[in-house]
Amino acid sequence: GDSVTQMEGPVTLSEEAFLTINCTYTATGYPSLFWYVQYPGEGLQLLLKATKADDKGSNKGFEATYRKETTSFHLEKGSVQVSDSAVYFCALSDNAGNMLTFGGGTRLMVKP
Amino acid sequence: DAGITQSPRHKVTETGTPVTLRCHQTENHRYMYWYRQDPGHGLRLIHYSYGVKDTDKGEVSDGYSVSRSKTEDFLLTLESATSSQTSVYFCAISPGTGSNNSPLHFGNGTRLTVT
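Presented here is a report on the structure given in the accompanying data block. Predicted model, so just to flag it, every value in this text is computed and none were measured.

### A closer look at the packing of aromatic side chains
For the structure on display, the rule yields 15 aromatic pairs over all chains. Where A:Phe102 meets B:Phe106, the ring centres are 6.2 Å apart and the plane angle is 70°; that geometry is what we call edge-to-face. Residue A:Phe102 is located in strand E11 (residues 100–102), and its partner B:Phe106 is located in strand E10 (residues 105–106); the two belong to separate chains. On the accessibility criterion, B:Phe106 (4% relative accessible area) is buried. Ring geometry for B:Tyr35 and B:Phe106: centres 5.9 Å apart, planes at 45°, overall tilted. Residue B:Tyr35 is found in strand E4 (residues 31–38), and its partner B:Phe106 is found in strand E10; the two are separated by 71 residues along the sequence. No difference in accessibility class separates B:Tyr35 from B:Phe106, as the two residues are buried.

This is the structure we're talking about:
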């Protein structure tokens, strides 16, 4: 079945550092890929998405590129802020778009 | 929160007791989902609904049942709670599926502790 693997956290960075959170997937067909973010005490929010190979999703300074050849969707940000501290989840949807399969989540802690 | 309300927000219950969690939406979305969130496992789908009285099982459905008697409400029931069901439960909604790959909108979660 479909699966998503994320790097384990926590990831601890200083403010203005460069962020990469790795995500790789296994899926049949052509899934869409997502990054969700969860702030403390809240539900998940969609951060960005990409629906086909080579698409780049971007939002709030975060970017991720759908790489079919490496089955990856790594999340990057050039300069993190303390307010980016959260748990980040990579996910994919099946071809019909009915189901989301999530990775285990990566906690990011940004220190001033 | 895209008009999603989960209740209760916190619940402590004893092993063997029945528990019902409620998800209420004001968006008139067709799809509703129940996930559980556990450390190291991310979110795992329990059950989902694609319309009134139309439900199906997810990845971790054993020990859970659901009901959807009207569009706005999706109930998750633990018939006889066990300690392994201690978790944070999230409801999510989506207007549709297919090529739009509609993103899910999540509620703020229910923290359930089974002692």
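### Examining the interface of chain B and chain A
Contact with chain B, which involves 21 residues of that partner, is made by 22 residues of chain A. Roughly 1600 Å² of surface becomes buried between chain B and chain A when both sides are summed, with 53% attributable to carbon and sulfur atoms. Scanning the region where chain B abuts chain A turns up 3 residue pairs in polar contact (both at pLDDT 80 or more). Here the residues of the side of chain B that touches chain A are counted per class, giving 10 nonpolar, 10 polar and 1 charged.

### With respect to the environment of B:His105
The residue B:His105 is located in strand E10 in this model. A relative accessible area of 33% places B:His105 in the partly exposed class.

### Structural notes on the state of the cysteines
Residues and elements named next belong to chain A. Applying the stated criterion to the full structure yields 2 disulfides over all chains. Each sulfur of the disulfide joining Cys23 and Cys90 lies 1.9 Å from the other. Taking the torsion about the sulfur-sulfur bond, which here is approximately -70°, the covalent link between Cys23 and Cys90 counts as left-handed. Separated by 67 residues along the polypeptide, Cys23 in strand E4 (residues 23–26) and Cys90 in strand E10 (residues 86–93) bring together distant segments of the chain.

### Topic: the pattern of salt bridges
Taken as a whole and judged by the stated rule, the model has 7 salt bridges over all chains. For A:Lys56, the salt bridge is made with A:Glu63, and the minimal N-O distance between the two is 3.6 Å. The partly exposed category is assigned to A:Glu63, whose relative accessible area is 34%. As a salt-bridge pair, B:Arg36 and B:Asp38 come within 2.7 Å of each other at their nearest N and O atoms. Its relative accessible area of 9% is what places B:Arg36 among the buried residues. Connected through salt bridges with shared partners, the residues B:Arg22, B:Lys70 and B:Asp73 form a single ionic network.

### Regarding the sheet that holds strand E1 (residues 4–7) of chain B
Residue and element names in this part refer to chain B. Pairing is antiparallel in the open sheet, where 4 strands are placed in the order E1-E3-E8-E7. The sheet terminates laterally at E1 and strand E7 (64–70), the two strands that pair on one side only. Neighbour-to-neighbour, the strand axes of the sheet open up by a mean angle of 20°, direction not taken into account. Pairing of strand E3 (residues 19–25) with strand E8 (residues 73–78), which is carried by 6 bridges, proceeds in the antiparallel orientation. Following the sheet pairing, Cys23 is matched in E8 by Phe74.

### Quick word on the side chain of A:Ser72
Of note, A:Ser72 is situated in the loop between strand E8 (62–65) and strand E9 (75–77). With near-sequence residues (within four places) excluded, A:Ser72 lies in contact with A:Cys23, A:Thr24, A:Tyr25, A:Leu33, A:Thr65, A:Tyr66 and A:Arg67.

Rules used throughout
- Residues numbered from 1 in each chain as written.
- Chains lettered and ligands numbered in written order.
- Predicted model: local features only at pLDDT ≥ 70, side-chain atom pairs only at ≥ 80, totals over all residues.
- Heavy atoms only, no water.
- Phe/Tyr/Trp six-rings, centres within 6.5 Å; stacked < 30°, edge-to-face > 60°.
- Helix = DSSP H or I, 4+ residues; strand = E, 2+ residues; numbered from the N terminus.
- Buried < 20%, exposed > 50% of the residue type's maximum accessible area, 1.4 Å probe, protein only.
- Contact = heavy atoms within 4.5 Å.
- Buried area = accessible area lost by both parts, 1.4 Å probe.
- Polar contact = N/O pair within 3.5 Å; in protein donor to acceptor, adjacent residues only side chain to side chain.
- Nonpolar A, V, L, I, M, F, W, Y, C, P; charged D, E, K, R; others polar.
- Disulfide = S-S within 2.5 Å.
- Salt bridge = Lys/Arg side-chain N within 4 Å of Asp/Glu carboxyl O.
- Pairing = 2+ DSSP bridges.
- Axes fitted to C-alpha atoms, helices over the stretch in contact; angles between N-to-C directions.

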